[in-house]
Amino acid sequence: MLNVFKLGYVDFHVSDMDAMTTYYEQIAGMTLTETDENGSAYFSTSTDHHNIILTPSQETGIRRFGFQYESEHSTEAVVEHLHSLDIQAEVKQQTSKTVPEVIAFQDPEGYHVELYRTMDMLPANRRGFKPEGIVPNKVGHLSIRVGDAKQQVEFYKKLGFYNTDWIEDYFGFMTCNRDHHVLNFFTSETKGMHHLAMEMRNYQHLIQTLDFLRLNGIHLLWGPSRHGAGHNIACYHYDPEGNLIELFTDGDIYIPELDMFDPRPWHNDFPQKPKVWSTEECLSLWGVDFEKALV
Ligand SMILES: [Fe+2]
């Protein structure tokens with residue numbers, strides 16, 4: 001009925017559009033593809049019209065996020081299916097010029113989620129990738145703070161997501177494709193995004209990017225080191241409005257048909273299957289002290 005397969009875009013409330021536009025264009029290496037009549041700026045890092053949206057606001061932080069889906073059924077039938085799962089979804093037309101229709105709802109924690117079937121692609125002679133900057137493969141995953149990670153995990157399972165790992169009982173990982181995680185939920189007393197992660201091509205790309213960040217006055221908060229859950233090599237910095245940005249590479253590949261991850265030499269478990277990790281064994285497999293303030 002519903003195959004959600006990709007994290008498509010993340011929209012931020014932005015109070016300093018100049019600083020954030022400079023970061024996403026010149027530091028992240030994305031292309032500004034459009035500014036609409038409300039002042040929202042759209043950035044691409046792919047063939048999609050947009051993967052990041054910056055919306056002028058008095059506040060900062062995450063505003064909404066969108067997943068691409070496919071279905072052999074009509075939009076109305078998908079919405080009916082969601083209603084049968086107790087998800088109060090509605091169809092909205094043209095939430096941006098390049099997305100003709102979305103299915104919109106709030107998750108149990110009140111985050112605004114959109115499912116879209118199609119988005120305009122950039123013309124063949126134009127692509128989101130820039131020659132310089134972070135230039136990620138893609139916006140890989142989104143981590144958000146919630147009151148109850150377990151409730152969120154159960155909710156997103158209804159949308160077809162797999163629960164790939166836990167850190168104890170407070171940090172749940174979920175995927176809708178073969179990446180170890182596309183979404184994760186962190187039980188916290190505060191709400192809001194925990195981090196947004198951009199996927200690097202490989203370790204060499206990651207290291208070159210860290211030099212690029214330093215030359216542009218951006219300091220790392222932690223890493224690089226290899227995490228346990230997901231096994232991604234990760235490091236973190238802030239964008240100009242304090243949104244935590246992870247750069248990562250080499251994450252686990254999930255095989256849903258086998259409920260296991262593609263084996264890698266650095267795995268302790270063979271097969272490596274979804275499991276509950278302890279905090280201590282999970283945050284840094286290389287023994288680099290994790291910056292606890294980030295959790
Ligand atoms: Fe992450």
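Residues numbered from 1 in each chain as written. Predicted model: local features only at pLDDT ≥ 70, side-chain atom pairs only at ≥ 80, totals over all residues. Heavy atoms only, no water.

### What about the domain arrangement of the protein?
Per the domain assignment, the segments making up the protein are domain 1 (3–122) and domain 2 (138–282). Taking the mean C-alpha position of each, domain 1 and domain 2 sit 21 Å from one another. Contact with domain 1, which involves 37 residues of that partner, is made by 36 residues of domain 2. With both sides pooled, the region where domain 1 packs onto domain 2 buries about 2800 Å², and carbon together with sulfur makes up 68% of that total. In terms of surface lost to domain 2, no three residues of domain 1 exceed L7, Y23 and E109, which account for 22% of the buried area on that side. Between the two partners, domain 1 and domain 2, sit one salt bridge. (Domains from an automatic or database assignment. Contact = heavy atoms within 4.5 Å. Buried area = accessible area lost by both parts, 1.4 Å probe. Salt bridge = Lys/Arg side-chain N within 4 Å of Asp/Glu carboxyl O.)

### Things to note about the coordination of the iron ion
Protein coordination of the iron ion is provided by H141 (NE2), H195 (NE2) and E246 (OE), with donor distances spanning 1.9 to 2.1 Å. In primary-sequence terms, the residues that donate to the iron ion follow H-x53-H-x50-E. Of the two residues, H195 is situated in strand β13 (residues 192–199) and E246 in strand β16 (residues 244–249); the sequence distance between them amounts to 51 residues. (Donors = N, O, S within 2.8 Å, 3.2 Å for Na, K, Ca; no water. Helix = DSSP H or I, 4+ residues; strand = E, 2+ residues; numbered from the N terminus.)

### Observations concerning empty space enclosed by the protein
Space left empty within the atom packing is revealed by a probe, the size of a water molecule, rolled over the atoms. A complete count under the given rule lists one cavity of 30 Å³ or more for this structure. Lining the largest cavity are 17 residues, with F171, F173, H195, H227 and Y236 positioned closest to its centre. Elements with a contribution of two residues or more to the lining of the largest cavity: β11 (171–175) and β13. Classifying every residue of the lining of the largest cavity by side-chain character gives nine nonpolar, seven polar and one charged. (1 Å grid on protein atoms, 1.4 Å probe; cavity = no way out; pocket = protein on both sides within 12 Å on 5 of 7 lines; lining within 4 Å. Points joined across faces, edges and corners; volume = space filled by probe spheres on them. Nonpolar A, V, L, I, M, F, W, Y, C, P; charged D, E, K, R; others polar.)

### Some words on a negative patch on the surface
On the surface, a cluster of negative charge is made up of E168, D169, E280, E281 and D289. Assignment of secondary structure puts D169 in the loop between β10 (162–167) and β11. (Patch = residues over 30% accessible without salt bridge, like charges linked within 9 Å, V, L, I, M, F, W, Y side chains within 5 Å. Areas by Shrake-Rupley, 256 points an atom, 1.4 Å probe, with all protein chains shown as cover. Lys, Arg positive; Asp, Glu negative; His and termini not counted. Charge placed at Lys NZ, Arg CZ, Asp CG, Glu CD.)

### Describing the layout of surface pockets
Its boundaries defined by the atoms lining it, the largest pocket holds a volume of some 410 Å³. Along its surface, the largest pocket is lined by 22 residues, and R63, R64, K92, T95 and E114 are the ones closest to its centre. Within the residue set of the lining of the largest pocket, elements represented by two or more residues are β4 (52–56), β5 (61–70), β6 (90–96), β7 (99–106) and β8 (112–116). Of the residues belonging to the lining of the largest pocket, the class tally is five nonpolar, eight polar and nine charged.

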